[in-house]
Amino acid sequence: MALPDDLCTGHSFALIRTFCQNCGLSPLVRQVQAIWPDQKYENWRLYCFADQASAQAFLDHFAGVMFDPRRDRENRKARGVWRRSGEYKRILDLGPLSVPEILRT
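Residues numbered from 1 in each chain as written. Predicted model: local features only at pLDDT ≥ 70, side-chain atom pairs only at ≥ 80, totals over all residues. Heavy atoms only, no water.

Caption draft 1: Looking closely at the overall build of the protein. Assigned secondary structure in the protein consists of three helices and six strands. Ordering the α and β elements of the protein from the N terminus gives β-α-β-β-α-α-β-β-β. Scaling as 2.2 N^0.38, a compact globule of 105 residues should have a C-alpha radius of gyration of about 13 Å, and the protein matches this with 14 Å. Across its three principal directions, the C-alpha atoms of the protein cover 40 × 35 × 20 Å. Going through the 105 residues of the protein one by one, you find that 37% of them count as buried. (Helix = DSSP H or I, 4+ residues; strand = E, 2+ residues; numbered from the N terminus. Rg over C-alpha atoms; globule rule 2.2 N^0.38 Å. Buried < 20%, exposed > 50% of the residue type's maximum accessible area, 1.4 Å probe, protein only.)

Caption draft 2: Quick look at the packing of aromatic side chains. All chains considered together, the criterion is met by eight aromatic pairs. When the centroid spacing of 4.8 Å and the interplanar angle of 75° are considered together, the rings of Trp36 and Tyr88 count as edge-to-face. Here Trp36, found in the loop between β2 (28–35) and β3 (41–48), pairs with Tyr88, found in the loop between β4 (82–83) and β5 (93–94); they are 52 residues apart in sequence, far enough to count as distant. Here the aromatic residues Phe19, Tyr47, Phe49, Phe58 and Phe62 are joined through ring pairs into a cluster of three or more. (Phe/Tyr/Trp six-rings, centres within 6.5 Å; stacked < 30°, edge-to-face > 60°.)

Okay, structure coming up:
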């Protein structure tokens, strides 16, 4: 599961941590740089789960983006970037998560 990095800070970080603890989930957390065709880029946080059901529970609660490292990493490299399609649009709110005011400008 992928979420914009700015959405995973402050109060949102606490919401994610509490949700995972309450559901008994222990995701591995990684970073990826997403790059759009217009060369805009943004850091995203990856929450990697042991099984599809855990990832789906996270998706249902937080409405992130499914990320498959074998498909989405550039050249399937562990440190490859995430080439996004379409037009870049900054996400400030997603489900119960929101970017802190200080990071909105």
